[in-house]
Amino acid sequence: MAIQFYKYNGTGNDFILIDNRKNQFDGSNTERIKSLCTRHFGIGADGLILLENEAGYDFRMVYYNSDGNESSMCGNGGRCIIQFAHDLEIIDTETTFVAIDGPHKGKVLDGEIALQMQNVESILDNDIRSELNTGSPHYVEFMNEIPEKDFVNRAREIRESETYLKEGINVNFAKISGNEIHMRTYERGVEDETLACGTGATAVAIAAHKRGLITQNLIPLRVKGGKLTVSFNETNGKYSSIWLTGPAKFVFLGNVPS
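What counts and how
- Residues numbered from 1 in each chain as written.
- Predicted model: local features only at pLDDT ≥ 70, side-chain atom pairs only at ≥ 80, totals over all residues.
- Heavy atoms only, no water.
- Buried < 20%, exposed > 50% of the residue type's maximum accessible area, 1.4 Å probe, protein only.
- Helix = DSSP H or I, 4+ residues; strand = E, 2+ residues; numbered from the N terminus.
- Pairing = 2+ DSSP bridges.
- 1 Å grid on protein atoms, 1.4 Å probe; cavity = no way out; pocket = protein on both sides within 12 Å on 5 of 7 lines; lining within 4 Å.
- Points joined across faces, edges and corners; volume = space filled by probe spheres on them.
- Nonpolar A, V, L, I, M, F, W, Y, C, P; charged D, E, K, R; others polar.
- Salt bridge = Lys/Arg side-chain N within 4 Å of Asp/Glu carboxyl O.
- Patch = residues over 30% accessible without salt bridge, like charges linked within 9 Å, V, L, I, M, F, W, Y side chains within 5 Å.
- Areas by Shrake-Rupley, 256 points an atom, 1.4 Å probe, with all protein chains shown as cover.
- Phe/Tyr/Trp six-rings, centres within 6.5 Å; stacked < 30°, edge-to-face > 60°.
- Lys NZ or Arg CZ within 6 Å of the ring centre and 35° of its normal.
- Polar contact = N/O pair within 3.5 Å; in protein donor to acceptor, adjacent residues only side chain to side chain.
- Contact = heavy atoms within 4.5 Å.

Chemist: So what's going on with the pairing of strand β4 (residues 60-65)? Which residues, and what values?
Modeler: Taking burial as the measure, the 6 residues of β4 include 5 buried ones, the bulk of the element. Pairing between strand β3 (residues 47-52) and β4: 6 bridges, direction antiparallel. Residue Leu 50 lies in a different strand from β4, and its bridge partner there is Val 62.

Chemist: Outline the layout of surface pockets, supporting the account with residue identities and numerical values.
Modeler: Its volume calculated, the largest pocket comes out at about 240 Å³. Taken together, 16 residues line the largest pocket, and the ones lying closest to its centre are Arg 39, Ala 45, Asp 46, Ser 66 and Val 190. Going through the elements one at a time, α1 (30-37) and β13 (192-194) are the ones with two or more residues in the lining of the largest pocket. Here the element with the most residues in the lining of the largest pocket is β13; it accounts for 3 residues. Taken together, the residues that form the lining of the largest pocket break down as 4 nonpolar, 4 polar and 8 charged.

Chemist: Report on the pattern of salt bridges, specifying residues and quantitative values.
Modeler: Pairing between side chains becomes possible if they bear opposite charge and their charged atoms approach one another. Considering all chains together, one arrives at 14 salt bridges under this definition. Here Arg 39 makes a salt bridge to Asp 14, at a shortest N to O gap of 2.7 Å. Taken as a pair, Arg 39 in the loop between α1 and β3 and Asp 14 in strand β2 (residues 13-19) lie far apart in primary sequence, 25 residues in all. Overall, the relative accessible area of 39% leaves Arg 39 in the partly exposed class.

Chemist: Can you tell me about empty space enclosed by the protein, naming the residues and giving the values?
Modeler: By the definition in use, this model includes 2 cavities of 30 Å³ or more. By volume, the largest cavity amounts to about 110 Å³. Around the largest cavity, the lining comprises 16 residues; the ones closest to its centre are Tyr 63, Asn 65, Met 73, Ser 136 and Glu 187. Among the elements of the structure, β2 and β4 are those that each provide at least two residues to the lining of the largest cavity. There is about 30 Å³ of room inside the second largest cavity.

Chemist: How would you summarise a nonpolar patch on the surface if you had to cite specific residues and measurements?
Modeler: Together, Phe 250, Val 251, Phe 252 and Leu 253 make up a nonpolar patch on the protein surface, roughly 340 Å² of accessible area in all. Structurally, Phe 252 can be placed in strand β17 (residues 249-257).

Chemist: Mind laying out the packing of aromatic side chains, listing which residues take part and the relevant values?
Modeler: The relative placement of two aromatic rings is captured by the distance of their centres and the angle of their planes. Within this structure, the stated rule accounts for 10 aromatic pairs. Between the aromatic rings of Tyr 6 and Phe 84, the centroid separation amounts to 4.9 Å while the plane-to-plane angle is 55°, which identifies the pairing as tilted. Of this pair, Tyr 6 sits in strand β1 (residues 2-10) while Phe 84 is found in helix α2 (residues 75-87), placing the two residues 78 residues apart along the sequence. Here a set of aromatic residues connected by ring pairs shows up, and it is made of Tyr 6, Tyr 8, Phe 84 and Phe 250. The side chain of Lys 107 reaches across the aromatic face of Trp 243, ending 4.8 Å from its centre.

Chemist: Break down the side chain of Asp 19 for me, with residues and values.
Modeler: The residue Asp 19 is located in strand β2 in this model. At 2.8 Å, the side chain of Asp 19 and the side chain of Arg 21 are in polar contact. Residues in contact with Asp 19, not counting those within four places in the same chain, are Gln 24, Leu 51, Phe 84 and Leu 88.

Below, the structure is given as C-alpha coordinates:
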(Lines give C-alpha, C1' and ligand atoms only; values in the text may rest on other atoms or scores of the structure.)
Protein backbone atom coordinates (compact mmCIF):
# COMPACT_ATOMS: atom_id res chain seq x y z
CA MET A 1 0.00 0.00 0.00
CA ALA A 2 1.40 3.39 -1.00
CA ILE A 3 1.83 6.18 1.52
CA GLN A 4 0.80 9.66 0.48
CA PHE A 5 3.21 12.48 1.30
CA TYR A 6 3.07 16.24 0.94
CA LYS A 7 6.00 18.57 0.31
CA TYR A 8 6.02 22.02 1.97
CA ASN A 9 8.63 24.71 2.44
CA GLY A 10 9.03 27.59 4.86
CA THR A 11 11.36 30.21 3.32
CA GLY A 12 13.24 27.44 1.54
CA ASN A 13 13.44 25.12 4.55
CA ASP A 14 11.73 22.09 2.95
CA PHE A 15 9.92 19.18 4.55
CA ILE A 16 8.11 15.95 3.78
CA LEU A 17 4.80 15.91 5.67
CA ILE A 18 2.72 12.80 6.28
CA ASP A 19 -0.76 12.60 7.79
CA ASN A 20 -0.10 9.79 10.24
CA ARG A 21 -3.31 9.89 12.23
CA LYS A 22 -3.92 6.23 11.30
CA ASN A 23 -0.34 5.25 12.21
CA GLN A 24 0.47 3.85 8.79
CA PHE A 25 4.02 5.26 8.75
CA ASP A 26 6.74 3.72 10.93
CA GLY A 27 8.65 6.61 12.50
CA SER A 28 11.19 4.23 14.07
CA ASN A 29 12.67 3.29 10.67
CA THR A 30 15.65 5.66 10.66
CA GLU A 31 17.09 4.44 7.36
CA ARG A 32 13.72 4.80 5.63
CA ILE A 33 13.35 8.41 6.75
CA LYS A 34 16.95 9.19 5.78
CA SER A 35 16.36 7.65 2.35
CA LEU A 36 13.20 9.68 1.73
CA CYS A 37 14.99 12.91 2.71
CA THR A 38 18.06 12.21 0.53
CA ARG A 39 18.16 14.56 -2.43
CA HIS A 40 18.51 13.07 -5.94
CA PHE A 41 17.79 9.53 -4.68
CA GLY A 42 14.69 10.21 -2.57
CA ILE A 43 12.03 12.91 -2.32
CA GLY A 44 14.58 15.31 -0.88
CA ALA A 45 14.04 17.45 2.22
CA ASP A 46 15.67 19.04 5.26
CA GLY A 47 13.40 16.88 7.42
CA LEU A 48 10.29 14.72 7.68
CA ILE A 49 7.28 15.58 9.84
CA LEU A 50 4.45 13.34 11.00
CA LEU A 51 1.06 14.79 11.94
CA GLU A 52 -0.46 12.52 14.59
CA ASN A 53 -3.39 12.47 16.97
CA GLU A 54 -2.91 13.85 20.48
CA ALA A 55 -5.65 14.01 23.12
CA GLY A 56 -6.42 17.56 24.22
CA TYR A 57 -4.69 19.15 21.21
CA ASP A 58 -5.45 19.60 17.54
CA PHE A 59 -2.53 17.32 16.65
CA ARG A 60 1.00 16.21 17.57
CA MET A 61 4.05 17.19 15.51
CA VAL A 62 6.82 14.57 15.31
CA TYR A 63 9.94 15.91 13.57
CA TYR A 64 12.88 13.98 12.09
CA ASN A 65 16.08 15.52 10.71
CA SER A 66 17.26 14.40 7.29
CA ASP A 67 19.65 11.97 9.00
CA GLY A 68 16.55 9.98 9.99
CA ASN A 69 16.67 10.71 13.71
CA GLU A 70 13.87 12.31 15.71
CA SER A 71 15.07 15.76 16.69
CA SER A 72 14.28 18.81 18.77
CA MET A 73 11.80 21.51 17.73
CA CYS A 74 11.89 22.88 14.19
CA GLY A 75 10.41 26.37 13.82
CA ASN A 76 9.85 26.42 10.08
CA GLY A 77 8.63 22.83 10.26
CA GLY A 78 6.18 23.96 12.92
CA ARG A 79 4.89 26.69 10.64
CA CYS A 80 4.60 24.21 7.74
CA ILE A 81 2.60 21.69 9.78
CA ILE A 82 0.19 24.46 10.80
CA GLN A 83 -0.41 25.21 7.12
CA PHE A 84 -0.69 21.45 6.47
CA ALA A 85 -3.30 21.02 9.22
CA HIS A 86 -5.22 23.98 7.79
CA ASP A 87 -5.08 22.47 4.28
CA LEU A 88 -6.37 19.14 5.68
CA GLU A 89 -9.21 21.10 7.38
CA ILE A 90 -8.12 19.88 10.81
CA ILE A 91 -7.92 23.52 11.98
CA ASP A 92 -9.34 26.85 10.90
CA THR A 93 -7.19 29.92 11.58
CA GLU A 94 -5.88 29.16 15.07
CA THR A 95 -4.45 26.04 16.66
CA THR A 96 -2.84 24.57 19.73
CA PHE A 97 -0.67 21.53 19.08
CA VAL A 98 2.09 19.70 20.88
CA ALA A 99 5.67 19.00 19.78
CA ILE A 100 8.72 17.47 21.45
CA ASP A 101 9.35 20.65 23.46
CA GLY A 102 5.74 21.05 24.62
CA PRO A 103 2.59 22.90 23.51
CA HIS A 104 2.60 25.56 20.78
CA LYS A 105 0.02 27.98 19.46
CA GLY A 106 -0.25 28.90 15.81
CA LYS A 107 -2.15 31.29 13.56
CA VAL A 108 -3.01 31.20 9.88
CA LEU A 109 -2.61 34.77 8.64
CA ASP A 110 -2.99 36.39 5.23
CA GLY A 111 -0.26 34.59 3.29
CA GLU A 112 1.83 33.79 6.36
CA ILE A 113 1.91 31.43 9.34
CA ALA A 114 2.74 32.54 12.88
CA LEU A 115 4.10 30.05 15.44
CA GLN A 116 4.48 30.75 19.14
CA MET A 117 7.84 29.52 20.40
CA GLN A 118 8.80 28.45 23.91
CA ASN A 119 9.93 31.11 26.41
CA VAL A 120 13.67 31.79 26.67
CA GLU A 121 14.94 32.47 30.17
CA SER A 122 18.63 31.59 29.90
CA ILE A 123 21.18 33.08 27.50
CA LEU A 124 24.93 32.48 27.74
CA ASP A 125 26.93 35.41 26.36
CA ASN A 126 30.62 36.10 25.97
CA ASP A 127 32.67 38.41 23.74
CA ILE A 128 32.35 36.10 20.74
CA ARG A 129 29.08 34.22 20.90
CA SER A 130 25.65 33.77 22.43
CA GLU A 131 24.24 30.35 23.27
CA LEU A 132 20.54 29.76 23.85
CA ASN A 133 17.85 27.16 23.36
CA THR A 134 14.78 28.18 21.38
CA GLY A 135 13.40 24.66 21.13
CA SER A 136 16.75 23.59 19.66
CA PRO A 137 20.23 24.65 20.85
CA HIS A 138 21.90 27.49 18.95
CA TYR A 139 25.30 29.16 18.71
CA VAL A 140 25.01 32.78 17.49
CA GLU A 141 27.94 34.92 16.37
CA PHE A 142 27.55 38.48 15.06
CA MET A 143 29.98 39.66 12.39
CA ASN A 144 30.71 42.71 10.27
CA GLU A 145 30.47 40.46 7.21
CA ILE A 146 29.17 36.90 6.98
CA PRO A 147 31.65 34.68 5.12
CA GLU A 148 30.34 33.63 1.74
CA LYS A 149 32.44 30.82 0.26
CA ASP A 150 33.82 29.62 3.59
CA PHE A 151 30.61 29.71 5.64
CA VAL A 152 29.95 25.97 5.77
CA ASN A 153 33.54 25.05 6.68
CA ARG A 154 33.74 27.66 9.44
CA ALA A 155 30.36 26.71 10.87
CA ARG A 156 31.18 23.00 10.69
CA GLU A 157 34.38 23.56 12.65
CA ILE A 158 32.29 24.98 15.49
CA ARG A 159 29.62 22.27 15.22
CA GLU A 160 32.25 19.50 15.30
CA SER A 161 34.46 21.05 17.97
CA GLU A 162 35.02 19.20 21.22
CA THR A 163 32.70 21.64 23.00
CA TYR A 164 29.64 20.85 20.88
CA LEU A 165 30.27 17.52 19.13
CA LYS A 166 28.53 15.23 21.63
CA GLU A 167 25.30 17.13 22.23
CA GLY A 168 25.27 18.96 18.89
CA ILE A 169 24.46 22.60 18.19
CA ASN A 170 23.14 24.69 15.30
CA VAL A 171 25.53 27.45 14.20
CA ASN A 172 24.35 30.89 13.11
CA PHE A 173 26.44 33.77 11.72
CA ALA A 174 24.60 37.09 11.59
CA LYS A 175 25.06 40.69 10.52
CA ILE A 176 23.08 43.72 11.69
CA SER A 177 21.91 45.84 8.76
CA GLY A 178 19.92 48.84 9.98
CA ASN A 179 16.86 47.52 11.80
CA GLU A 180 17.02 44.04 10.29
CA ILE A 181 19.37 41.10 10.53
CA HIS A 182 20.99 39.06 7.77
CA MET A 183 21.87 35.51 8.81
CA ARG A 184 22.97 32.05 7.69
CA THR A 185 22.52 28.77 9.57
CA TYR A 186 24.33 25.45 9.63
CA GLU A 187 21.95 22.81 11.06
CA ARG A 188 22.93 19.74 13.04
CA GLY A 189 21.22 16.59 11.77
CA VAL A 190 21.21 18.05 8.27
CA GLU A 191 24.96 18.70 8.68
CA ASP A 192 24.91 21.48 6.13
CA GLU A 193 23.57 24.96 5.53
CA THR A 194 19.81 25.27 5.13
CA LEU A 195 18.05 28.13 3.34
CA ALA A 196 16.31 29.06 6.59
CA CYS A 197 16.03 27.94 10.20
CA GLY A 198 13.09 29.05 12.35
CA THR A 199 14.57 28.28 15.75
CA GLY A 200 17.81 29.86 14.46
CA ALA A 201 16.05 33.07 13.41
CA THR A 202 14.41 33.18 16.84
CA ALA A 203 17.77 32.66 18.56
CA VAL A 204 19.50 35.35 16.47
CA ALA A 205 16.74 37.92 17.10
CA ILE A 206 16.75 37.33 20.86
CA ALA A 207 20.55 37.31 21.06
CA ALA A 208 20.72 40.61 19.14
CA HIS A 209 18.22 42.19 21.51
CA LYS A 210 19.96 40.80 24.59
CA ARG A 211 23.27 42.30 23.39
CA GLY A 212 21.64 45.67 22.68
CA LEU A 213 22.43 45.44 18.96
CA ILE A 214 18.74 45.97 18.13
CA THR A 215 16.25 47.59 20.50
CA GLN A 216 12.84 46.93 18.93
CA ASN A 217 10.86 43.83 19.84
CA LEU A 218 9.70 43.04 16.30
CA ILE A 219 12.72 42.09 14.22
CA PRO A 220 12.84 41.25 10.50
CA LEU A 221 15.46 38.69 9.47
CA ARG A 222 16.80 37.99 5.99
CA VAL A 223 17.65 34.34 5.38
CA LYS A 224 18.78 32.75 2.12
CA GLY A 225 15.24 31.56 1.43
CA GLY A 226 13.44 34.83 2.12
CA LYS A 227 12.25 36.84 5.12
CA LEU A 228 11.08 35.93 8.62
CA THR A 229 10.01 38.11 11.54
CA VAL A 230 10.38 37.46 15.26
CA SER A 231 8.46 39.35 17.94
CA PHE A 232 8.59 38.98 21.72
CA ASN A 233 8.14 40.52 25.15
CA GLU A 234 11.20 40.98 27.36
CA THR A 235 11.31 41.47 31.14
CA ASN A 236 14.59 41.44 33.08
CA GLY A 237 16.39 39.49 30.38
CA LYS A 238 13.66 36.84 30.08
CA TYR A 239 11.76 36.48 26.81
CA SER A 240 8.12 35.43 26.45
CA SER A 241 5.28 35.61 23.94
CA ILE A 242 7.81 34.82 21.19
CA TRP A 243 6.26 34.56 17.73
CA LEU A 244 7.97 33.42 14.54
CA THR A 245 6.15 34.54 11.38
CA GLY A 246 6.72 33.93 7.69
CA PRO A 247 5.45 32.06 4.63
CA ALA A 248 4.76 28.31 4.57
CA LYS A 249 3.90 26.93 1.14
CA PHE A 250 2.53 23.67 -0.25
CA VAL A 251 4.77 22.47 -3.10
CA PHE A 252 3.45 19.11 -4.32
CA LEU A 253 2.07 15.75 -3.21
CA GLY A 254 2.95 12.22 -4.21
CA ASN A 255 3.06 8.58 -3.15
CA VAL A 256 5.86 6.30 -2.03
CA PRO A 257 5.71 2.53 -1.46
CA SER A 258 4.97 1.61 2.15
